[in-house]
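Per-entry structural report
Single-letter residue listing:
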Amino acid sequence: MELNTVTDAFDRVVKKQKLSSSKSHEVIDQVGNEIEQALAKIMSPHDPSSPVDSRSILTELKLKLHAIAPLQQLEGCQKELNISLSKYPKQLDKFFNPDISRACRNVDFDFHVLNQIIANYFYQLGMFDLGDSLVKEAGEPGEPEAAMLKFQFLVKEAEPEAAMLKFQFLEMHQVLEAMKVRNLEPALNWVYTNREKLKKNGSTLELKLHSLQYMEILEKGNPPDAVNYAKTYLAPFAYLYKDEIMKLMGCLAFRGRLASSPYSELISPTRWENVTEELNEQFCSLLGQSSNSPLSVAMAAGFEGLPTLLKLANVMAAKKQEWQAMKQLPVPVELGKEFQYHSIFVCPVSRDQASEENPPLLMPCSHVLCKQSIIKLSKSGTRTFKCPYCPAEASVGQCRQLFF
């Protein structure tokens, strides 16, 4: 990992700095001690008949300081530190290219839409004041009033759902803030309102919220109230979720000592955190939004793919070729599974990833190749060809495009 290399280099610089500092203090202490001893001899009470020879004391001090050689010691450790410091920026320049613009394509952004995307990012994080400030200040330099009116018109006419989305995110964060202080009423009200939609999603959020509320009542030492709550709100789930309900009822036998009971996980703080996270995911799902902001996902994916793109830009520049005009990159950009939202197909013959220009085609034998591979095998469609994976023969007209 390149980052590990940079971290190791930084650790070496820190180590050298600590050694240099330690050595400097040691040398200064040695010099200080010798000077103090010399001063003590000069200032000490002495017999008037035999006065102290200050000149000889200072000469002795000079010899001792010369033997210590403070300048040579300080220069030696400082030199090693300076060497490490001079190497570190070079390693930073090597692994962190300061000019990342070479890895960017020239894209004509709609800056009004881009501003709205950024504002929605802040709204989704609960930073409503920051999102509102961005919306108000968005505009072209030199024409703030006209640009602001234009932006407001575009938001009003082209994106009427933006204000509603902000209001819905505001509602979501009010619910989440209430859960932080263990107030489940807003969350339960939202679940009741969206019960049918949550059922279609296969969510058990309502049961989990009632379970948290039941355990909260039981922990406060009110078994009768907990039983009544279970009869009212948990009983309807008993048929489908028998095991979960039995665990909750078993907690009654360990009232006052739940932390040491077999059901201790039911009062764990992480249980509240997990339910809060699920509520956030379900809320965003019903809004048609990802629980992870699209802007943050795009930025994270860009950071992960940036080293590959920078290397590509360097190679293409050395060959005096332009890569920004290419419809498909000549090298794969590997991203983690968390960034893979759609199925992809890689032709087993050409090893190329399918695209709109080169879609996957299903042959009569049920094997799949990309269009360009089939065209090559069929000599541009002039004859039948044999499947590379079985004895079956096919023609271009028998192949059907697949859609993922």
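As the structure is a prediction and not an experimental result, all values here were calculated from the model.

1. Structural notes on the overall build of the chain
Of regular secondary structure, the chain possesses 15 helices and five strands. Every one of the 404 residues in the chain was classed for burial, and the buried ones make up 29%. Accessible surface, the chain as shown: approximately 27,200 Å² in total, 57% of it carbon and sulfur.

2. A word on the confidence of the model for the chain
On average, residues of the chain carry a pLDDT of 82, and 89% of them reach 70 or more. Taken element by element, the chain is modelled with least confidence in helix α6 (residues 144–158), mean pLDDT 48, and with most confidence in helix α8 (residues 185–193), mean pLDDT 93. Here residues 140–144 is modelled with pLDDT under 50, and outside its nearest four sequence neighbours on either side it reaches one contact, counting other chains as well. Considering only residues more than four positions removed or in separate chains, one finds that residues 153–159, a stretch of pLDDT under 50, has eight contacts.

3. Details of the pattern of salt bridges
Proximity of charged atoms lets side chains of opposite charge pair with each other. As enumerated under the stated definition, the model contains nine salt bridges in all. Close ionic contact of Glu-60 with Lys-64 constitutes a salt bridge, the shortest N to O distance being 3.5 Å. In this pair, Glu-60 and Lys-64 both sit in helix α2 (residues 54–68), four residues apart, roughly one turn of the helix. Since its relative accessible area comes to 30%, Lys-64 is described here as partly exposed. A salt bridge links Glu-206 to Arg-195, with the shortest nitrogen-to-oxygen separation between them at 2.9 Å. Placement of the pair is Glu-206 in helix α10 (residues 205–219) and Arg-195 in helix α9 (residues 195–200), with a sequence separation of eleven residues. Given the relative accessible area of 32%, Arg-195 is considered partly exposed. Several salt bridges share partner residues, and in doing so they unite Glu-34, Lys-41, Glu-60 and Lys-64 into one network.

4. Quick look at unusual backbone geometry
Non-glycine residue Ala-69 carries a positive phi angle of around 50°. Take Ala-69: it is sitting in the loop between α2 and α3 (70–95). Even without glycine at this site, Arg-182 takes up a positive phi of about 60°. Within the secondary structure, Arg-182 is located in the loop between α7 (161–180) and α8.

5. Considering α8
Along an α-helix, residues three or four positions apart point the same way, because every turn accommodates 3.6 residues. The complete set of buried residues in α8 reads Ala-187, Leu-188, Trp-190 and Val-191. Buried positions in α8, seen along its axis, are confined to an arc of 160° and lie on one side of it. Turned more than 90 degrees off the buried face of α8, the exposed positions are Glu-185 and Thr-193.

6. Section: the environment of Ala-119
For Ala-119, the position within the fold is in helix α4 (residues 111–124). If we skip the residues at most four places from it in the chain, Ala-119 touches Gly-131, Leu-134 and Val-135.

7. Quick look at a nonpolar patch on the surface
The grouping of Ile-35, Leu-39 and Met-43 at the surface amounts to a nonpolar patch, some 310 Å² of accessible area in total. Following the sequence through the fold, Ile-35 ends up in helix α1 (residues 2–43). Assessed through its relative accessible area of 35%, Ile-35 is described here as partly exposed.

8. Looking at the packing of aromatic side chains
In total, this model carries seven aromatic pairs according to the counting rule given. For the pair Tyr-229 and Tyr-233, a centre-to-centre distance of 4.5 Å together with 40° between the ring planes defines the contact as tilted. Highlighted residues: Tyr-229 and Tyr-233, both in helix α11 (residues 223–234), separated by four residues, approximately one helical turn. Judged by relative accessible area, Tyr-233 falls into the partly exposed class, the value being 34%. Centre to centre, the rings of Phe-237 and Tyr-241 are 6.5 Å apart; their planes meet at 50°, and the pair counts as tilted.

Rules used in this analysis
- Residues numbered from 1 in each chain as written.
- Predicted model: local features only at pLDDT ≥ 70, side-chain atom pairs only at ≥ 80, totals over all residues.
- Heavy atoms only, no water.
- Helix = DSSP H or I, 4+ residues; strand = E, 2+ residues; numbered from the N terminus.
- Buried < 20%, exposed > 50% of the residue type's maximum accessible area, 1.4 Å probe, protein only.
- Areas by Shrake-Rupley, 256 points an atom, 1.4 Å probe, with all protein chains shown as cover.
- pLDDT = per-residue confidence, 0-100.
- Contact = heavy atoms within 4.5 Å.
- Salt bridge = Lys/Arg side-chain N within 4 Å of Asp/Glu carboxyl O.
- Arc of directions from axis to C-beta.
- Patch = residues over 30% accessible without salt bridge, like charges linked within 9 Å, V, L, I, M, F, W, Y side chains within 5 Å.
- Phe/Tyr/Trp six-rings, centres within 6.5 Å; stacked < 30°, edge-to-face > 60°.

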